[in-house]
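# Structural characterization, general
Residue strings, one per chain:
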Amino acid sequence: METPAEGNTRRTQIVTLTMNPALDITTSVGVVRPTDKLRCSATRYDPGGGGINVARVAWVLGASVLALFPAGGSHGGLLTTLLSDAEVPFRRIPIDAQTRESFTVNETSTGQQYRFVLPGPQLTGAEQEQCLDLLRIAAESAGFVVASGSLPPGVPADYYQGVADICRQLGVPLILDTSGGGLQHISSGVYLLKASVRELRECVGRRLATEPEQFAAAHELIDRGVARVVVVSLGSYGALLATRHTSQRFSAIPMSGGSGVGAGDAMVAAITVALSRGWPLAKSVRFGIAAGTAMLMTPGTAVCDRADVERLFDLVGEAYDVSDVGTKGIRAEA
């Protein structure tokens with residue numbers, strides 16, 4: 001298995017980069033109706049955005065972390081206060097614009113969830129460069145860098161390629177979880193790419209209706225040099241793991257109900273924590289599935305409980321190798 005942290009005890013810190021953080025607001029209402037005034041329940045506030053969520057979960061799981069992010073305005077101030085209260089180590093890059101909000105409404109009568117995601121602030125060129133400069137300094141002592149989440153308006157679509165170049169120069173494995181232009185403009189330098197089927201479809205530009213097609217797309221990215229490892233999250237159906245010589249399928253843990261907000265970030269966090277411990281890839285993905293499932297048990301984007309993750313980890317079945325899925329490009333375990 002390709003595990004860069006194995007045997008490396010010096011590098012243990014996980015540095016996360018969140019270019020588009022958000023103040024996550026969660027509330028609930030009986031029924032969502034148009035035009036009516038909807039009387040909501042008490043409001044919950046959480047610090048959010050992909051990399052911040054990853055850092056929060058990794059911290060709960062016992063890892064040494066440092067969250068890097070740009071933030072500004074009153075929303076950015078509250079976000080950093082919430083992180084401070086949670087004692088999660090971070091470095092904030094001050095920006096002039098207001099940090100965005102992300103709004104989730106749970107409809108109690110149906111169990112449906114409505115998520116409203118705002119685009120985010122405009123970052124100046126100087127602010128973007130500050131983020132890269134701080135990342136370069138922090139990554140020098142990092143075991144892993146995780147870049148996660150969307151890019152805010154005005155940030156070039158190839159920005160994450162710049163992040164990958166920095167990590168490659170420093171010899172630090174990069175774990176990437178993004179979508180849209182930020183994903184489509186990555187050409188090299190990623191150690192592990194985590195993607196949903198939708199994101200994978202965006203990346204290869206074709207419909208991926210079957211599991212063999214999904215494996216083929218993951219291996220295509222590996223063959224192109226985009227990433228060494230691709231993990232495809234399938235939600236309630238589990239996950240896929242592809243490396244140059246491996247195609248593996250993981251089942252999900254049966255779980256009814258719950259909020260899926262932050263489940264993908266928790267998965268990335270737990271995979272990274274496991275890799276930083278020197279665990280094999282397959283075991284690390286199983287730990288990621290356990291953390292993603294544990295997030296279903298929390299309100300809003302509240303962090304999952306470490307005890308729940310460890311308990312659920314024992315319920316995740318072993319992966320099975322997919323040696324012949326009927327699509328050109330699929331590889332069996334070597």
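The coordinates are above.
Residues numbered from 1 in each chain as written. Predicted model: local features only at pLDDT ≥ 70, side-chain atom pairs only at ≥ 80, totals over all residues. Heavy atoms only, no water.

Further remarks concern the overall build of the protein. What the protein contains, in helices and strands, is 10 helices and 14 strands. For 334 residues, the compact-globule formula gives about 20 Å, and the C-alpha radius of gyration of the protein, at 19 Å, lands near that figure. Principal axes of the C-alpha set define a box for the protein whose edges measure 60 × 45 × 40 Å. Here the protein, with 334 residues, has 55% of them falling under the buried criterion. For the protein, the proportion of contacts with a sequence separation of at least 24, taken over those separated by at least 6, is 66%. Summing over all exposed atoms, the protein offers an accessible surface of approximately 13900 Å²; the carbon and sulfur share of this is 50%. (Helix = DSSP H or I, 4+ residues; strand = E, 2+ residues; numbered from the N terminus. Rg over C-alpha atoms; globule rule 2.2 N^0.38 Å. Buried < 20%, exposed > 50% of the residue type's maximum accessible area, 1.4 Å probe, protein only. Contact = heavy atoms within 4.5 Å. Areas by Shrake-Rupley, 256 points an atom, 1.4 Å probe, with all protein chains shown as cover.)

Pairing in this open sheet of 4 strands is mixed, and the strands run β3-β2-β6-β7 from one edge to the other. Looking at the sheet topology across the chains shown, the edges are occupied by β3 (44-48) and β7 (112-117). Averaged over all adjacent pairs, the angle separating strand axes in this sheet is 20°, with direction ignored. As paired elements, strand β6 (residues 100-107) and β7 share 6 bridges and run antiparallel to each other. Paired with Thr 104 across the strands is Arg 115, a residue of β7. (Pairing = 2+ DSSP bridges. Axes fitted to C-alpha atoms, helices over the stretch in contact; angles between N-to-C directions.)

A few words now on the pattern of salt bridges. Tallied over the full model, the rule gives 14 salt bridges. One salt bridge in this structure joins Arg 198 and Glu 199, with 3.7 Å as the shortest N-O distance. A salt bridge links Glu 211 to Arg 249; the shortest N-O distance between them is 2.7 Å. Of the two residues, Glu 211 is situated in helix α7 (residues 211-223) and Arg 249 in strand β13 (residues 246-250); the sequence distance between them amounts to 38 residues. (Salt bridge = Lys/Arg side-chain N within 4 Å of Asp/Glu carboxyl O.)

We now examine the environment of Val 117. Here Val 117 is to be found in strand β7. When the C-alpha positions of Val 117 and Glu 101 are compared, they lie 7.3 Å apart, and in sequence the two are 16 residues distant. If we ignore the near neighbours within four places in the chain, the residues touching Val 117 are Arg 100 and Ser 102.

With that settled, consider the sheet that holds strand β1 (residues 14-17). Taken in spatial order, the 10 strands make up an open sheet running β5-β4-β1-β8-β9-β10-β11-β12-β13-β14, and their pairing is mixed. With partners counted over all chains shown, the strands left at the sheet margins are β5 (90-94) and β14 (320-321), one partner each. Pairing of strand β12 (residues 239-243) with β13 involves 5 bridges; the strand directions are antiparallel. The residue of β13 that forms the bridge with Ala 242 is Ser 247. Of the strands in this sheet, β1, β4 (65-71), β5 and β8 (144-148) touch helix α3 (residues 125-139), which is tilted by about 160° from β5.

Once that is clear, we can look at unusual backbone geometry. Unusually for a residue other than glycine, Thr 35 sits at a positive phi of about 70°. Overall, the relative accessible area of 81% leaves Thr 35 in the exposed class. Non-glycine residue Glu 87 carries a positive phi angle of around 60°.

As a further point, take helix α1 (residues 50-60). Most of α1 sits out of view: 9 of its 11 residues are buried. For α1, the full list of buried residues reads Gly 50, Gly 51, Ile 52, Asn 53, Val 54, Ala 55, Arg 56, Val 57 and Ala 58. Here the buried face of α1 lies against β1, β3, β4, α2 (73-85), β8 and α8 (263-276). At the exit of α1 stands Gly 62, carrying a positive phi of roughly 95°.

Time to look at the pairing of strand β9 (residues 174-177). Residues Leu 174 and Leu 176 line one face of β9 and the alternating positions Ile 175 and Asp 177 line the opposite face, and both faces are buried. With 4 bridges joining them, β8 and β9 adopt parallel strand pairing. By the bridge assignment, Ala 147 is partnered in β9 with Leu 176. One ladder, built from 2 bridges, connects β9 with strand β10 (residues 190-196); its direction is parallel. The residue of β10 that forms the bridge with Ile 175 is Leu 192.

Put simply, α8 and helix α9 (residues 281-294) touch, their axes get as near as 7 Å, and they point 145° apart. The way α8 lies across α9 gives a crossing that is right-handed. The segment α8 lies against α9, with Ala 263, Ala 266, Met 267, Ala 270, Ile 271, Val 273, Ala 274 and Leu 275 engaging Leu 281, Ser 284, Val 285, Phe 287, Gly 288, Ile 289, Ala 291 and Gly 292. When the residues that make up the contact of α8 with α9 are grouped by side-chain class, the tally is 13 nonpolar, 3 polar and no charged. (Left-handed = near helix turned anticlockwise from the far one by under 90°. Nonpolar A, V, L, I, M, F, W, Y, C, P; charged D, E, K, R; others polar.)

Ranked by internal contacts, the top residues of the largest apolar core, which has 51 residues, are Leu 192, Val 231, Leu 275, Val 285, Phe 287, Ile 289 and Val 309. Apart from the residues within four sequence positions on either side, Val 231 is in contact with Leu 192, Leu 193, Lys 194, Ala 195, Leu 240, Leu 241, Met 267, Ile 271 and Val 285. Formed by 50 residues, the second largest nonpolar core is a distinct cluster that contains Met 19, Val 145, Leu 183 and Ile 222. (Core = buried A, V, L, I, M, F, W, Y, C linked by side-chain atoms within 4.5 Å.)

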